[in-house]
Amino acid sequence: MEVELKYLIEDKLAQERILQDQYLQETMQPGSYEEIHMQATYFDTAELDLCAHKMALRVRFENGEPVVTLKWGGSSENGLHVRGELNIHVSEEFAQKPDIEVFAGSDIYEEIAAAAGGKELLPLMEVEFLRRQLMVDTGRSIDVVSLDLGQVKTPQGSSDIAELEIELYSGEREDMLALGSRLAAKYNLKTCDISKFQRGLALLAV
C-alpha cells in the first residue's frame, strides 16, 4: 500500500530551495539524499482495459535499472493518495514487452489477468523526470521527500512536471500530514489530486 502527499510547486525559487529547508536538513537521515533519473513507459491494452479497472502498469528505468510497477484502486483527496502498489525488478528484455504474468502468485494477479483478458500490452505514454529525494525522521514518522521535475509525454502533447511528494515510509500518517502542511504553508504549495499517469490520460482525452 502506498500512502503519499502530492503538491504542485509553481514557484521556481521554491523548487530550488525546498529540499534545503532547515527543518528537512535537521531531520534528514545522514546519507539519504540521492538523485534518480526516472524514465517510464505506461502500458495498457488497445481498449484501455487496465485503465477501465483503475489500474496503471508502468515500466520505469531508475538510473538505468528497470522496475515494473502496478498501481490500483485507492483514493486521492486534498493531495493525499492511498492506493495499492506492487514493484518488481525486471530485465531490459521484459521492459520492451511487458507481460502481466510477472505478477503471477501475487494477491492482485487474478484481478489484473481478468482486466487484461489475455490482450497484448501496448505503450500508452512516457514520463521522464529527475527525482531529488531524501528521508526524514521526525521521531513519529519516517518519510521520503521527493522533488520531481520533468515531463509527461503523449502523442497528443506533453505536460511539465514540478511536484513535491511526501511518502510515508513508516510511523504515523498524521505526522506525515503535519510535515506536508508545514512545507505547503512555507513554500506556497498547492495540493494535487491527480497522478502523473492521470495527467497523461487528460492529454490523451481519455
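Our subject is the structure listed above.
Residues numbered from 1 in each chain as written. Predicted model: local features only at pLDDT ≥ 70, side-chain atom pairs only at ≥ 80, totals over all residues. Heavy atoms only, no water.

**Some points on the overall build of the chain**
To keep it simple, the criterion reads: Strands are runs of DSSP state E lasting at least 2 residues, helices are runs of H or I lasting at least 4, and numbering of each runs from the N terminus. With the radius of gyration taken over C-alpha atoms, the globule rule is written as 2.2 Å times the number of residues to the power 0.38. Working definition: with a 1.4 Å probe on protein chains only, accessible area under 20% of the residue-type maximum means buried, over 50% means exposed, and in between means partly exposed.
A count of helices and strands for the chain gives 7 helices and 9 strands. For 206 residues, the compact-globule estimate of 2.2 N^0.38 gives 17 Å, and the C-alpha radius of gyration of the chain, at 17 Å, lies within 12% of that figure. Considered along the principal axes of its C-alpha atoms, the chain spans approximately 50 × 35 × 30 Å. Each of the 206 residues in the chain was classed as buried or not, and the buried ones make up 49%.

**Some words on unusual backbone geometry**
At leucine 48, a residue that is not glycine, the phi angle is positive and equals roughly 60°. In this structure, leucine 48 sits in the loop between strand 2 (34-44) and helix 3 (49-52). Despite not being glycine, asparagine 78 has its phi angle at roughly 55°, a positive value. By the element assignment, asparagine 78 lies in the loop between strand 4 (65-77) and strand 5 (80-89). Taking the relative accessible area as the measure of exposure, asparagine 78 reaches 56% and is therefore exposed.

**Some remarks on the nonpolar core**
Note that soluble globular proteins tend to have their nonpolar side chains buried in a common cluster. Here is the rule: Buried residues of nine kinds, namely Ala, Val, Leu, Ile, Met, Phe, Trp, Tyr and Cys, make up a nonpolar core once their side-chain atoms join them within 4.5 Å. Contact definition: two residues touch when any of their heavy atoms are within 4.5 Å.
Counting residues in each nonpolar core, the largest one holds 23 residues, and the members touching the most others are Val145, Leu164, Ile166, Leu183 and Leu189. Top element by residues in this core is helix 6 (residues 173-187). It accounts for 5 residues. The contact partners of leucine 183, leaving out residues within four places of it in the chain, are Asp21, Leu24, Leu164, Ile166, Asn188 and Leu189. Counting residues in hydrophobic clusters, the runner-up holds 18 residues, among them Phe43, Val90, Ala95 and Tyr109.

**Digging into the pairing of strand 7 (residues 141-154)**
For the record, the criterion: Being paired, for any two strands, means DSSP has found at least two bridges between them.
With 10 of its 14 residues buried, strand 7 lies for the most part within the structure. Sheet topology note: the strand 6 (residues 122-137)/strand 7 ladder contains 12 bridges and is antiparallel. Across the sheet, phenylalanine 129 pairs through a bridge with glycine 150, a residue of strand 7. Linking strand 6 to strand 7, which pair antiparallel, is a turn of 3 residues; within it glycine 139 sits at a positive phi near 100°. For strand 7 and strand 8 (residues 157-171), the ladder comprises 14 bridges, and the chain directions are antiparallel. By the bridge assignment, glutamine 151 is partnered in strand 8 with aspartate 160. The loop that links strand 7 with its antiparallel partner strand 8 comprises 2 residues.

**Quick look at the environment of isoleucine 18**
Tracing the backbone shows isoleucine 18 in the loop between helix 1 (12-17) and helix 2 (22-27). Overall, isoleucine 18 belongs to the buried group, its relative accessible area being 0%. Residues isoleucine 18 and leucine 183, 165 residues apart in the sequence, show an inter-C-alpha distance of 8.0 Å. When near neighbours in sequence (up to four residues on either side) are disregarded, isoleucine 18 contacts Leu24, Leu164, Tyr187 and Leu189.

**Some details on the side chain of glutamate 163**
Put simply, the rule is: Identification of polar contacts relies on pairs of N or O atoms within 3.5 Å, with a donor-acceptor requirement for protein atoms, meaning one able to donate a hydrogen and the other able to accept it, and with residues adjacent in sequence counted only if both atoms are side-chain atoms.
By the secondary structure assignment, glutamate 163 is in strand 8. What makes glutamate 163 buried here is its relative accessible area of 0%. For glutamate 163, the side chain forms a polar contact with the side chain of lysine 6, separated by 3.3 Å. Other than its neighbours up to four places away in sequence, glutamate 163 contacts Lys6, Tyr7, Leu8, Ile9, Ser146, Leu147, Asp148, Lys196 and Arg199.

**Regarding the environment of lysine 119**
Position of lysine 119 relative to the elements: it lies in the loop between helix 5 (109-116) and strand 6. A relative accessible area of 38% means that lysine 119 is categorised as partly exposed. In sequence terms lysine 119 and arginine 58 are 61 residues apart; their C-alpha atoms lie 16 Å from each other. Setting aside anything within four residues of it in sequence, one finds lysine 119 in contact with Thr45, Glu47 and Asp49. Within the structure, the side chain of lysine 119 is placed 3.3 Å from the side chain of glutamate 47, a separation counted as a polar contact. Polar contacts involving the side chain of lysine 119 include one to the side chain of aspartate 49, which spans 3.1 Å.

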